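Understanding the architecture of this molecule
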Amino acid sequence: MVRVIMDDTGSGKTKQLIDLANAAVKTEHGNVICIEPKSELTYDIDYNIRLIAANDYELPSYEAFKGFLSGMYAGNYDITHVFIDSLTKIVPTENYTQTEEFLAWLNNFGEKHGIKFTITISDDASLAPEGIKKYF
C-alpha cells in the first residue's frame, strides 16, 4: 500500500510524516524505516525507527532506488512500514512520468511483501497526474 502526501514546500508534510512514523513504531509489529534526503530528522524520529539519509548512498535514478529498497527488504524481512520524505529530492526527475511508474512498482512491491509506504512530495497537489493522485 502506498500513500502520498503532496503539497507545496513549507506546508507541514515532513511534520505530518514524523508524527505518522512515530505513531507507527508504537503500533506496528515489525520494523519501521524512514528515508530522508539528508540527515535532518535525527532528533525528531523515534530512536526505534531506522533512519536513513539517502545522500549517503548513490541513488541517481528510480531504478537505483528500487534496488536499494529491494536490498533493504532482502536483508530484513520484518520491515512493515517505510516512510520516504521528499521523494523527488532523493531522486530528481524532470517530469512525473517516472515517479508514477515508480509508485506503481512500489505499490506492487508493498502488496507482495506486506509493506506500507508513506511518501511526501513537495509540489502543488493540483499539478499531480492521475498516477500519483490515486495514492492520495
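A brief structural summary. Every chain is numbered on its own, with residues counted from 1 as its sequence reads. Whole-chain, interface and lining totals are the exception, using all residues; otherwise, since this is a predicted model, local features are given only for residues with pLDDT of at least 70 and side-chain atom pairs are given and counted only at 80 or more. Hydrogens and water are ignored here; the side-chain numbers use all heavy atoms of the structure.

**Section: the nonpolar core**
Counting residues in hydrophobic clusters, the biggest one holds 32 residues, and the most contacted among them are Ile35, Phe65, Ile84 and Leu103. Only heavy atoms matter for contacts: two residues are in contact if any of them lie within 4.5 Å across the pair. In contact with Ile84, not counting residues within four places along its chain, are Leu17, Ile35, Phe65, Ile90, Leu106, Phe117, Thr118, Ile119 and Thr120. What is meant by a nonpolar core is a set of buried Ala, Val, Leu, Ile, Met, Phe, Trp, Tyr and Cys residues, joined one to another through side-chain atoms within 4.5 Å. For each residue, the accessible area found with a 1.4 Å probe, counting protein chains only, is set against the maximum for its type, and the residue is called buried under 20%, exposed over 50%, and partly exposed in between. With twelve residues, the next largest nonpolar core counts Ala24, Ile45, Ile49 and Leu51 among its residues.

**Describing the packing of aromatic side chains**
Aromatic pairing here means that ring centres of Phe, Tyr or Trp (its six-membered ring) are within 6.5 Å. Orientation follows from the plane angle: under 30 degrees is stacked, over 60 is edge-to-face, and everything else is tilted. A full pass over the atoms with the stated rule returns eight aromatic pairs. With a centroid separation of 5.1 Å and 80 degrees between ring planes, the pair formed by Tyr73 and Tyr77 is classed as edge-to-face. The exposure class assigned to Tyr77 is exposed, which follows from its relative accessible area of 60%. Between Tyr73 and Phe109 the ring centres are 5.9 Å apart and the planes differ by 85 degrees, which places this aromatic pair in the edge-to-face class. Highlighted residues: Tyr73 in helix α2 (residues 62–75) and Phe109 in helix α4 (residues 97–113), separated in sequence by 36 residues. The exposure classification of Tyr73 matches that of Phe109, with both residues buried. Aromatic rings pair up to connect Tyr57, Tyr62, Phe65, Phe68, Tyr73, Tyr77, Phe102, Trp105 and Phe109 into one cluster. Strands are runs of DSSP state E lasting at least two residues, helices are runs of H or I lasting at least four, and both sets are numbered from the N terminus onward.

**Comments concerning α4**
In an α-helix, one turn spans 3.6 residues, which is why side chains three or four residues apart end up on the same side. Between the first and last C-alpha of α4 there are 25 Å, a value that for 17 residues agrees with the 24 Å anticipated at 1.5 Å per step. Thr99, Phe102, Leu103, Leu106, Asn107, Phe109 and Gly110 are the residues of α4 that are buried. The buried residues of α4 occupy an angular sector of 170 degrees when projected down its axis, which confines them to one face. The exposed set on the far side of α4, more than 90 degrees from its buried face, consists of Glu101, Asn108, Glu111 and Lys112. Where α4 is buried, its residues touch β1 (2–7), α2, β4 (79–84), α3 (87–90), β5 (116–122) and α5 (130–133). Note on α4: the residue one or two positions beyond its end, Gly114, has a positive phi of about 70 degrees. Residue count minus one, scaled by 1.5 Å, sets the expected span of a helix. Note: the arc covers the axis-to-C-beta directions of the helix.

**Focus: the sheet that holds β5**
For two strands to be treated as a pair, DSSP must find at least two bridges joining them. Sheet architecture is open: five strands sit in the order β1-β5-β4-β2-β3, paired in parallel fashion. Looking at strand neighbours, the two that pair on one side only are β1 and β3 (50–53), the edges of this open sheet. When the angles between neighbouring strand axes are averaged without regard to direction, this sheet yields 15 degrees. Note that strand β2 (residues 31–36) and β3 share four bridges and pair parallel. When the sheet's bridge partners are listed, Ile35 is paired in β3 with Ile52. Lines fitted to C-alpha atoms define the axes, with helix axes restricted to the stretch in contact, and inter-axis angles between N-to-C directions lie between 0 and 180 degrees.

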